[in-house]
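Residue strings, one per chain:
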Amino acid sequence: QVQLVESGGGLVQAGGSLRLSCAASGRTFSNYAMGWFRQAPGKEREFVAAINRGGGTTYYADSVKGRFTISRDNAKNTVYLQMNSLKPEDTAVYYCAANRVYGDYVTRDISTYDYWGQGTQVTVSS
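Nothing here was measured: the structure is a model prediction, and the numbers come from that model.

Rules behind the numbers
- Residues numbered from 1 in each chain as written.
- Predicted model: local features only at pLDDT ≥ 70, side-chain atom pairs only at ≥ 80, totals over all residues.
- Heavy atoms only, no water.
- Disulfide = S-S within 2.5 Å.
- Helix = DSSP H or I, 4+ residues; strand = E, 2+ residues; numbered from the N terminus.
- Buried < 20%, exposed > 50% of the residue type's maximum accessible area, 1.4 Å probe, protein only.
- Phe/Tyr/Trp six-rings, centres within 6.5 Å; stacked < 30°, edge-to-face > 60°.
- Lys NZ or Arg CZ within 6 Å of the ring centre and 35° of its normal.
- Contact = heavy atoms within 4.5 Å.
- Pairing = 2+ DSSP bridges.
- Axes fitted to C-alpha atoms, helices over the stretch in contact; angles between N-to-C directions.
- Core = buried A, V, L, I, M, F, W, Y, C linked by side-chain atoms within 4.5 Å.

K.L.:
Explain the state of the cysteines here, please?
P.N.:
In protein structure, a disulfide is the covalent linkage between the sulfur atoms of two cysteines. Considering all chains together, one arrives at 1 disulfide under this definition. Disulfide pairing places Cys 22 opposite Cys 96 at an S-S distance of 1.9 Å. Across the S-S bond linking Cys 22 and Cys 96, the dihedral sits near 50°, which makes this disulfide right-handed. With Cys 22 in strand S3 (residues 18–26) and Cys 96 in strand S9 (residues 92–99), the pair connects residues that are 74 residues apart, well separated along the chain. Grouping residues by exposure puts Cys 22 and Cys 96 together as buried.

The structure is reproduced here in structure tokens:
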């Protein structure tokens, strides 16, 4: 079992930045690939970014590529999502998730993620 707790969400103006954190506890964090997903009101949850367990491979949705950066610190059991040049369409609840099977790889397939946090709200005003 892995417990995940997101933080760092909030209200920001368009063009601004936020840094989300996801702290993990329980099983060995470094065994898991990690992902960030988001869900806007009335929409399905969608993939944002993923990072493999060693941190050497990352993968982004086209909509955030060049603006968002995923990283992890295995010593601190934490994964981050640095979000720059935010747009109103980035408004959503952001979730981190842990993937045991894809430890060495990255995937956008939501069904492969085993554990989820409770989410943190990000609101971007125009």
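K.L.:
Hey, could you run me through the packing of aromatic side chains in this one?
P.N.:
Where two aromatic rings form a pair, the distance of their centres and the angle of their planes describe that pair. The final tally for this structure, using the stated rule, is 6 aromatic pairs. One aromatic cluster in this structure is built from Phe 37, Phe 47, Tyr 59, Tyr 113 and Trp 116. Lying across the ring of Tyr 80, Arg 19 places its NZ or CZ 4.0 Å from the centre. It is Arg 45 that lies over the ring of Trp 116; its NZ or CZ is 5.0 Å from the centre.

K.L.:
What exactly am I supposed to notice about the side chain of Thr 112 here?
P.N.:
Positionally, Thr 112 belongs in the loop between S9 and strand S10 (115–116). Leaving out residues up to four positions away in the same chain, Thr 112 has contacts with Asn 99, Tyr 102 and Thr 107.

K.L.:
Got a minute to help me understand the side chain of Asn 52 in this structure?
P.N.:
Locating Asn 52 in the fold gives a position in the loop between strand S5 (46–51) and strand S6 (58–60). With relative accessibility at 9%, the residue Asn 52 sits in the buried group. Beyond its immediate sequence surroundings of up to four residues, Asn 52 is in contact with Ala 33, Thr 57, Arg 72, Gly 103, Asp 104, Tyr 105 and Val 106.

K.L.:
Before we go on, may I ask you to explain the sheet that holds strand S8 (residues 78–83) in this structure?
P.N.:
As a general point, the strands of a sheet are linked pairwise by backbone hydrogen bonds and lie either parallel or antiparallel. Here 4 strands make up an open sheet; going across it, the order is S1-S3-S8-S7 and the pairing antiparallel. Single-partner strands in this sheet number two, and they are strand S1 (2–7) and strand S7 (68–73). Mean inter-strand twist for the sheet, computed between neighbouring axes without regard to direction, equals 15°.

K.L.:
Teacher, can you tell me more about the nonpolar core here?
P.N.:
Side chains of a nonpolar character, in soluble globular proteins, are inclined to be buried together. Counting residues in each nonpolar core, the largest one holds 36 residues, and the members touching the most others are Leu 4, Met 34, Trp 36, Leu 81, Met 83 and Tyr 94. Elements that contribute at least two residues to this core include exactly S1, S3, strand S4 (33–39), S5, S7, S8, S9 and strand S11 (120–125). Dropping the residues within four chain positions of it, Leu 81 is found in contact with Leu 18, Arg 19, Leu 20, Trp 36, Val 48, Ala 49, Phe 68, Thr 69, Ile 70 and Tyr 94.

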